[in-house]
Amino acid sequence: MLKEFSYKQFGNMEFSKSALRDKSLTSINDHIKILFIPKKAIIQVDFKEFKMDMDALLFINPKVVLKPCETVEGHLIHFNRDFYCIQIHDQEVACDGILYNNVFEIPFIALDNSQSQEIQKIIHDIQTEMENEDSSTEEMLRTLLKFLILKSIRIWKMQHHLADTRQEADVQFLRKFSQLVEQHYKTHHGVADYAELLFVTPKNLSKKIGLISNSSPNQIIKDRIILESKRLLAYTTMTVKEIAYSLNYDDDAYFNRFFTKHTGLSPISFRSQF
């Protein structure tokens, strides 16, 4: 179901292999998404397959490649930026908060039984509100969406041991690094570039990133470049040379070696799989 309020769009749908055979995900490729995935489901996110050991939430930016492999009773909430992000929200709740544009990890939030019931109650309330057709429906849906995101942020912070208010500066630093990588990965390839933007030394940057990630800043930057390379290879007709140039690699032979080293496949071999 999709509701439209002028240019603002908000929708929800069943997320399962059978329900999405009509390629309906393609029509909302530009939407921001929140996915509830039940235990034992198998999904593919940006070319990686995941099997859920617990119920989970997944926060998905536009353009992320999403596919239900073996999934039943999943639920997908989706909305465009005009519906939510056009407003000035609290930093964490906005679409560029810590659950979105998170370059440290694919932002799954595992849910225990109690948390899962809470989240499913909110989703049920959203589904119920979608049936209404009065003047308050838009604001009610936005309120429920914000409530869902706030609940999720609280769980995420607890799981990453960042719930203490004294650690708020660390959370905001991680969020800023994540934003900067998302903004500049095509042109800034070195750790020193981001350390300079954050007014810290490369060593201090690595130390702070170590609070939340097992990957180094250098690996995080390279992983983001590789991910974009895969998306362009799989879903565009750009040549390898054009892709290399778009990612600020003047030498396509160097880009070929870089991609092969990090994926185990040449760009052409990777593309042939799709």
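Provided above is the structure to which this section pertains.
None of the values given here were measured: they were computed from a predicted structure.

(A) Geometry of the sheet that holds strand β7 (residues 66-70). In spatial order, the strands read β5-β4-β7; together these three strands make up an open sheet with antiparallel pairing. Each end of this open sheet is capped by a strand with a single partner; those strands are β5 (48-51) and β7. Each strand axis lies, on average, 25 degrees off the axis of its neighbour in the sheet, ignoring direction. Examined bridge by bridge, strand β4 (residues 42-45) and β5 share four bridges and lie antiparallel to one another. Bridge pairing links Gln44 to Glu49 in β5.

(B) Structural detail: the side chain of Arg224. Along the chain, Arg224 turns up in helix α6 (residues 217-235). The residues contacting Arg224, other than those within four sequence positions of it, are Val181, Glu182, Tyr185 and Arg231.

(C) Region of the structure containing the packing of aromatic side chains. Counted by the stated rule, this structure contains 13 aromatic pairs. Judged by centre distance (4.9 Å) and plane angle (40 degrees), the ring pair of Phe10 and Phe83 falls under tilted. Here Phe83 lies in the loop between β8 (74-79) and β9 (108-111) and Phe10 lies in strand β2 (residues 8-15), a separation of 73 residues in the sequence. Feature note: the residues Phe47, Tyr235, Tyr249, Tyr254, Phe255, Phe258, Phe259 and Phe270 constitute an aromatic cluster, connected by ring pairs. For Arg224, the ring lying beneath its charged end belongs to Tyr185, and the centroid distance is 4.1 Å.

(D) View of the nonpolar core. Phe10, Ile34, Leu57, Phe79, Leu205 and Phe255 are the most contacted members of the largest nonpolar core, which has 61 residues in total. Leave out the neighbours within four places in its chain, and Leu57 touches Ile34, Leu35, Phe36, Pro107, Phe108, Ile109, Leu111, Ile119, Leu148 and Ser152. Core analysis: the next-biggest nonpolar cluster, separate from the first, contains 17 residues, Phe15, Leu35, Ile43 and Val64 among them.

(E) Expanded view of the pattern of salt bridges. Evaluated as defined, the whole model comprises 10 salt bridges. Between Glu138 and Lys8 there is a salt bridge, with the nearest N and O atoms lying 2.7 Å from each other. Taken together, the residues Glu138 in helix α2 (residues 137-159) and Lys8 in strand β2 connect sequence positions 130 residues apart. Where Glu118 meets Lys151, a salt bridge forms, and the shortest distance between an N and an O atom there is 2.5 Å. With Glu118 in helix α1 (residues 113-130) and Lys151 in helix α2, the pair connects residues that are 33 residues apart, well separated along the chain. Several salt bridges share partner residues, and in doing so they unite Asp46, Glu182, Arg224, Glu228 and Arg231 into one network.

(F) Region of the structure containing unusual backbone geometry. With phi around 80 degrees, Lys40 is a residue other than glycine that occupies positive phi space. When you line up the elements, Lys40 lands in the loop between β3 (32-37) and β4. The backbone of Phe47 sits at a positive phi, close to 75 degrees, despite the residue not being glycine. Looking at where Phe47 falls in the secondary structure, it is placed in the loop between β4 and β5.

Definitions and cut-offs
- Residues numbered from 1 in each chain as written.
- Predicted model: local features only at pLDDT ≥ 70, side-chain atom pairs only at ≥ 80, totals over all residues.
- Heavy atoms only, no water.
- Pairing = 2+ DSSP bridges.
- Helix = DSSP H or I, 4+ residues; strand = E, 2+ residues; numbered from the N terminus.
- Axes fitted to C-alpha atoms, helices over the stretch in contact; angles between N-to-C directions.
- Contact = heavy atoms within 4.5 Å.
- Phe/Tyr/Trp six-rings, centres within 6.5 Å; stacked < 30°, edge-to-face > 60°.
- Lys NZ or Arg CZ within 6 Å of the ring centre and 35° of its normal.
- Core = buried A, V, L, I, M, F, W, Y, C linked by side-chain atoms within 4.5 Å.
- Buried < 20%, exposed > 50% of the residue type's maximum accessible area, 1.4 Å probe, protein only.
- Salt bridge = Lys/Arg side-chain N within 4 Å of Asp/Glu carboxyl O.

No statement about biological role is implied by the geometric values presented.
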